[in-house]
Amino acid sequence: MPYVASPCPFCGCGCGLYLQVADGLVIGTAPSPAHPVALGRLCVKGWHAHEAAANPYRLTRPLIRRGANLEPAGWPEALDLVASRLLSVKAEHGAAAIGVLGSPRSTNEDNYLLAKLARGALGTNNIDTAARLEALPGLFDLPQYRHLTRAGAGLAAIDEADLIVLWQTDPVEEHPAAAARVLRAAQRGVPVIEVAWRSSQLADRAALRLAPRPGSETVLAGALVQAAFRHEGPPSPESEDFAAAIADLTPERAESATGVAADAIEDAGRLLASASRALILYTRGLTLQPQATDVLAALSALGGGDGGSDGSRPRLLWLGRYSNLQGARDMGVVPYFLPGFRSLTDESSRARFAEAWGAPISTEGGLSAWEMLGAVRALVVMGDDPLVTLPDIASAREALAGLSFLVVLDSVLSPIAEAAHVVLPGASFAEQDGTFTSAEHRVQRVRACVPPPGDARPDWQVICELSGRLGRPMEYASPAGIMAEIASLTPAYAGVSYQALDDSAGGLLVEPQAGVEQATATTTSEAEPSFSLDQAAAPETDDEFPYLLAPDYALRSWGGEALAAASVCLRRELAPGRPLQLARIEMSRADARERGLRDGQQVIIRSRTGEMRASLRLNDAVRSGVLALPYSMREDAAAVMPPELHPETGVPLLAPCAVSIHQV
Amino acid sequence: MGEYGAFVITDSDLPTWVGSLLSRAQVIAPRSLAGSDVSYDIVQAPTDVQWDYQTSIAPLKRFLFPPSDQILRWNQRNGGPLQLEPVYDETDRVFLAVRPCDVAGVLVLDRAFARDPEDIYYARRRQHSALVALACTQPGPNCFCVCADAGPFLDRGYDLQLTALTGAYLVEVGTEKGASLLRGCESLFEPAPEAALADRQRLALETESRFAEDKAYFAAALRKITFNRVPDDLWRAMGELCLGCGGCAFVCPTCHCFTTADCGQQSEGCRLRLWDSCLYQAYALEASGHNPRAERGQRVKARFLHKLSYQFAQKLGAHGCVGCGRCVTTCLGSNDMPAVTARIRRGAL
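Residues numbered from 1 in each chain as written. Chains lettered and ligands numbered in written order. Predicted model: local features only at pLDDT ≥ 70, side-chain atom pairs only at ≥ 80, totals over all residues.

Enquirer: Is there a simple way to explain the overall build of chain B in this structure?
Expert: In terms of regular secondary structure, chain B is built from 13 helices and 12 strands. At 22 Å, chain B has a C-alpha radius of gyration in line with the 20 Å of a compact globule built from 349 residues. Each principal axis of the C-alpha distribution contributes one length, and for chain B these read about 65 × 65 × 40 Å. The buried share of chain B, reckoned over its 349 residues, is 47%. In chain B, 72% of the contacts between residues at least 6 apart in sequence involve partners at least 24 apart. (Helix = DSSP H or I, 4+ residues; strand = E, 2+ residues; numbered from the N terminus. Rg over C-alpha atoms; globule rule 2.2 N^0.38 Å. Buried ≥ 20, exposed ≤ 12 C-beta atoms within 10 Å, placed from the backbone. Contact = placed C-beta atoms within 7 Å.)

Below, the structure is given as structure tokens:
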């Protein structure tokens, strides 16, 4: 059939589209009006998804490193080499010396098999995806924070909301399918509150724009809860500590800490109090900041995951950046959980999987993607881009260079693949059967509509081949059989089969936590996250360092991704410009004028820790007093804004810092 | 009404004729996809054709001007000469039961791609295709072909035009190519009786009355755009309503912008022609780094200048809109054709 239904391979929204196939090539996409998420619309990425599938940069043969070069090789040689190197690392240093990275853009079936390979065949719980840390820094998958990310609202909640809060997110750049819904809501008269120090294209439609100083978002979140509570909005916070922490947070105090006018905080509190179906939308702009848990704790006090059945509290909607990050986590590509979020510490869960997989499950806790770097000696990577997604790229690169063995299975030569000892060519989303699970937990069918190019193979077949060479044969006739096994072991996916998906309109919604409560003993009450204002202030500026440099997580953020970079039009449209090979720094016209700076000019940025050269771009969407750094260029700014280790997770994150700006 | 005559074919004979078309050519016709979606698609059997439908999710141009099209291949082996091979698609195609608005769209593309120098990749495909329209008697909620002189019935441009009557289809033959599609099946077609022709006229009038009110009155917008009387502030405001997906250009039956990219290596590679959109920020970007349409509002203005100004209509022989209504569904923002013409008429959002 020339038109094949598929979910879009890019972000976590899960828009449905059609792939147009001709002569064994995917030559186009078309939107699906009947699809519940897409509603007949696509963003620029969806419109060019075919270019990502059928691109000239595809890997077509296995590659083996010989000296400085990666040279073509046959499958048997490449797979034998991978198996023997992994077995020798295991024999010499133990299974914990091996790490495995799964993929936020591979299918559930591939991720499940990879988790089985890691925990079963290799015997290590070191399995993660670097993208998980980017989207929800490790801690949110720790038991004490799980309720913060429990199934929230879906995209349709935007259409139903009577108040929409965009919390440090730019949906136009990050999730256009959500932006389209927010725009329509605003046009219907639904008030929108935008909280961001760089306004989005939707700002003109916003009823209120709150632009806090970077780093002071926690104070603002606390002040909003306080204001909403004062206007008799949501029920008062249950936690006494939390109530005490915000008790003195008057709008006036918040104004001096955040730079947001007290009146605006009052107005926002009033809007939150009077709304009956408020929705708070957030993305990695919130989750990647060092105080993410405090902000989320405050927003949860306003709302809570599902907002309560009576609609008395706002609902939270988290949108992830990748098509199948949710699915990868569901499949156990998280160090702390077996598939279906079953705890590793739970003996019956371990026994269940040990029996199903025919291999004992180690009790040794797994390392996160970040912890693996520097700790493991061999790394197996499937479709993950740690050098794109991890906050501290330089350290990651250094750690990768120290590995004694790195194997990468991917459809394109991603930055990490360039550093590998063996590269295995996998299939794209249009070349194998499987499923994706979107951010709103919509499971959808991915379909093989063209064969993989050259010698490339579907990822699941490669994993099966490798597992057999590791002494644990895996036998599946097709990905449908893998899904049947997933369904039998994972309550959330119990009703999922290819037949059921084919019969559905736009896929099946699942509840990822299904059956987990009985299996894990963690209660949320004993793990109530603390809300603290201790670290909540924006960095101090002074005469020497009068500006705040802050990472902008949304600005042209798709350009560096492997899938986008493989598409001719997306590379042109989405890659952030690097004039003069320098990182781009954006500041408002008014601030620039004050300093006598012009658009396109070369500048030096200095902080207390170092300096960098950059090219200046004027952008009136940036708050006065702030210099915005596109997150994809963070490595250029490492001397000025060095990544700091998060005290709880040890994951490096970027925090805004005080800087000065000078003409070259 | 059918320069080469008019015939009728009964509903029960229709599959036989479609079978004959399938044996001669690739047949592209409305087909049911997921849920309520219907699209022009390659059909394998007469039963695949969805005769009863409102509109296709995508226009015909995908088959004449594909979103991604290899137009040239090259290779150079062992230091030998560079071999260049243009790639033409000369598959015989019958576009069956396609809506008049989409036929009208192809006529605009014909003019656009025929401009000197002729676009040979399009021309070859077009020479090998026949257009069999199905007159429209069920306009959808977003349809406004009546405002664009592109439907619901065609008076020119088709090879054949079918009209669903009771128990039979009227077949108007517009060209010699259309007449050739009936050959070998002559026994299935009876000369159209007067009553059938009268029914067609009645259905055309009835259908026109079924369009929703206030769809897209172009007249004021055409004049204001032609004489540059749309305030820049309005373009700027509409720019803020464009989310830059490019979808309006891709679902439009008349849009034909493309870019090219050379892929592969010197030893072997291909040149791709890829759909492009004037709403993309890098569409007009120059090598120097200068962008003459750096602002979204400027890009929206350029788009509608090309769609609606008299200067461009003169070049293409028609305005760049056939009233299919797809941009209403697909626009990620809210700059669909009816909305934009209404704002221009009002002079405000």
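Enquirer: Just checking my understanding: could you explain the sheet that holds strand β12 (residues 268-275) of chain B for this structure?
Expert: The strands that make up a sheet are held in pairs by hydrogen bonds between backbone atoms, and each pair lies either parallel or antiparallel. Residue and element names in this part refer to chain B. Taken in spatial order, the 4 strands of this open sheet run β5-β4-β12-β11, and their pairing is antiparallel. Of all the strands in the sheet, just β5 (83-86) and β11 (258-264) have a single pairing partner and so form its edges. On average, each strand axis in the sheet is inclined to that of its neighbour by 20 degrees, with strand direction left out of account. Both strand β4 (residues 68-75) and β5 contribute to a ladder of 4 bridges, which runs antiparallel. Note on β5: the bridge partner recorded for N75 is Q83. (Pairing = 2+ DSSP bridges. Axes fitted to C-alpha atoms, helices over the stretch in contact; angles between N-to-C directions.)

Enquirer: Please clarify how helix α4 (residues 120-127) of chain B should be interpreted in this entry.
Expert: Residue and element names in this part refer to chain B. Within α4 the residues assigned to the buried category are Y121, Y122 and R125. Down the axis of α4, the buried set is contained in an arc of 95 degrees. They therefore lie on one face. Of the exposed residues in α4, those oriented more than 90 degrees away from the buried face are I120 and Q127. Those residues of α4 that are buried are in contact with α2 (61-64), β4, α3 (100-114) and β7 (129-134). (Arc of directions from axis to C-beta.)

Enquirer: Sorry if this is basic, but what is going on with the domain arrangement of chain B here?
Expert: By a widespread convention, an interface's size corresponds to the accessible area lost as its parts come together. Residues and elements named next belong to chain B. Each assigned domain of chain B is listed here: domain 1 (6-208) and domain 2 (218-346). The C-alpha-based centres of domain 1 and domain 2 are spaced at 26 Å. Listed as interface residues are 36 residues of domain 1 and, on the opposing side, 28 residues of domain 2. Among the elements of the structure, β4 and α3 are those that each provide at least two residues to the side of domain 1 that touches domain 2. With 9 residues, the single largest contributor to the side of domain 1 that touches domain 2 is α3. For the side of domain 1 that touches domain 2, the residue count by class is 21 nonpolar, 9 polar and 6 charged. (Domains from an automatic or database assignment. Nonpolar A, V, L, I, M, F, W, Y, C, P; charged D, E, K, R; others polar.)

Enquirer: Honestly, the domain arrangement of chain A in this entry has me stumped. Any pointers?
Expert: Residues and elements named next belong to chain A. Domain parsing of chain A yields domain 1 (63-139 + 323-506), domain 2 (156-318) and domain 3 (547-663). For domain 1 and domain 3, the distance between their C-alpha centroids amounts to 33 Å. Put simply, the parts of the chain that give the side of domain 1 that touches domain 3 at least two residues each are α17 (369-372) and α19 (393-401).

Enquirer: Even after reading the chapter, I still don't get the sheet that holds strand β4 (residues 63-66) of chain A, so can you show me in this structure?
Expert: Residue and element names in this part refer to chain A. Spatially, 7 strands are ordered β5-β4-β17-β16-β15-β6-β7 in an open sheet, and the strand pairing comes out mixed. The open sheet has two edge strands, β5 (69-72) and β7 (127-128), and neither has a second partner. The sheet contact formed by strand β16 (residues 405-410) and strand β17 (residues 422-425) spans 4 bridges and is parallel. Paired with L409 across the bridge in β17 is L424. Each of β6 (98-101), β7 and β15 (378-382) touches helix α4 (residues 108-122); the most contacted strand, β6, lies at about 170 degrees to it.

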